[in-house]
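Listed here are the chains, written in short residue letters.
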Amino acid sequence: KNQVEQSPQSLIILEGKNCTLQCNYTVSPFSNLRWYKQDTGRGPVSLTIMTFSENTKSNGRYTATLDADTKQSSLHITASQLSDSASYICVVSPSSFSGGYNKLIFGAGTRLAVHP
Amino acid sequence: SQTIHQWPATLVQPVGSPLSLECTVEGTSNPNLYWYRQAAGRGLQLLFYSVGIGQISSEVPQNLSASRPQDRQFILSSKKLLLSDSGFYLCAWSVRTSGGFQETQYFGPGTRLLVL
């Protein structure tokens, strides 16, 4: 069964500290993996996207890593800011050889709170 | 640039009443369109997707329906709401290509529905 598991479920850190969020998936075959940031009461916004052959992708203070062998990804946030407080969602896209629609597999998200 | 709108932002409805949520996309043509529901602490659940006017695919059997009367308009409806229909409803769009549905999905601001 295609699943995406994220940990921790929630996290509290102090402003300026770094943190790492984890994503494990069982989706196969695999096309790409995305991390989204969702502010409370808003729609998710894409942060990074990585294909099977990519190991790391950065977007400012956000760095995502991917290990396709162990089916694990992480999102590292450097020098956290209060505005980083949000839910971070890992989304895996199965491969589609026919070009048809394969439902994206969403994790439940990690809720991050950055405190001053 | 492309923008996606949803309304209303918040809705409180009694059980058994009808529902109509609207989503429109600007700045792009022939998008793929999606309706998701997000329950607290859960991953996004795909409800419907559409590849063109009048073309709707349903992912989850339920008392909801979707319609696409125009290229950039997607409507989520119900004839009689249930308590279990409460949740955060997100509309999304993606670029339609010959390669299928692997493109990044861009989400709207969401509608919070509370059924009492």
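Residues numbered from 1 in each chain as written. Chains lettered and ligands numbered in written order. Predicted model: local features only at pLDDT ≥ 70, side-chain atom pairs only at ≥ 80, totals over all residues. Heavy atoms only, no water.

**A word on the environment of B:Ile75**
All names here are of chain B. Following the sequence through the fold, Ile75 ends up in strand S8 (residues 73–78). Put simply, Ile75 and Leu19 are 56 residues apart on the chain and 9.9 Å apart in space, counted from C-alpha to C-alpha. Not counting the four nearest positions on each side in its chain, Ile75 is found in contact with Ser20, Leu21, Glu22, Trp35, Ser65, Ala66, Ser67 and Pro69. (Helix = DSSP H or I, 4+ residues; strand = E, 2+ residues; numbered from the N terminus. Contact = heavy atoms within 4.5 Å.)

**Overview of the layout of surface pockets**
As a volume, the largest pocket reaches approximately 630 Å³. Lining the largest pocket are 32 residues, with A:Ala108, B:Ala39, B:Ala40, B:Gly41 and B:Arg42 sitting closest to its centre. Going through the elements one at a time, strand S1 (4–7), strand S9 (86–94) and strand S11 (110–115) of chain A together with strand S9 (87–94) and strand S11 (111–115) of chain B are the ones with two or more residues in the lining of the largest pocket. A breakdown of the residues in the lining of the largest pocket according to their chemical character gives 10 nonpolar, 15 polar and 7 charged. In this structure, the second largest pocket occupies an estimated 420 Å³ of space. In terms of lining, the second largest pocket is formed by 17 residues, of which the most central are B:Arg42, B:Gly43, B:Leu44, B:Gln45 and B:Leu46. Within the residue set of the lining of the second largest pocket, elements represented by two or more residues are strand S10 (105–106) of chain A together with strand S4 (32–38) and strand S5 (45–52) of chain B. Residue composition of the lining of the second largest pocket, by class: 9 nonpolar, 4 polar and 4 charged. (1 Å grid on protein atoms, 1.4 Å probe; cavity = no way out; pocket = protein on both sides within 12 Å on 5 of 7 lines; lining within 4 Å. Points joined across faces, edges and corners; volume = space filled by probe spheres on them. Nonpolar A, V, L, I, M, F, W, Y, C, P; charged D, E, K, R; others polar.)

**Side note on unusual backbone geometry**
Residues and elements named next belong to chain A. The omega angle of the peptide bond from Ser7 to Pro8 is -10 degrees, so this bond is cis rather than trans. Along the chain, Pro8 falls in the loop between S1 and strand S2 (10–14). The phi angle at Ala79 is positive, at roughly 50 degrees, despite the residue not being glycine. Structurally, Ala79 is set in the loop between strand S8 (72–77) and S9.

**Structural notes on the confidence of the model for chain A**
With 94% of its residues at a pLDDT of 70 or more, chain A shows a mean pLDDT of 91. Summarising per-element confidence for chain A, the mean pLDDT is lowest in S10(A) (89) and highest in S8(A) (98). (pLDDT = per-residue confidence, 0-100.)

**Looking at the interface of chain B and chain A**
Each side of the interface is counted separately: chain B has 23 residues, and chain A has 23 residues. Across the chain B/chain A interface, buried area totals approximately 1700 Å², and carbon plus sulfur atoms make up 54% of it. The tally of links from chain B across to chain A stands at 3 residue pairs in polar contact (both at pLDDT 80 or more). Of all elements in the fold, only S4, S5 and S9 of chain B reach the threshold of two or more residues within the side of chain B that touches chain A. The element contributing the most residues to the side of chain B that touches chain A is S4(B), with 3 residues. Along the lines of polarity and charge, the residues of the side of chain B that touches chain A split into 10 nonpolar, 9 polar and 4 charged. (Buried area = accessible area lost by both parts, 1.4 Å probe. Polar contact = N/O pair within 3.5 Å; in protein donor to acceptor, adjacent residues only side chain to side chain.)

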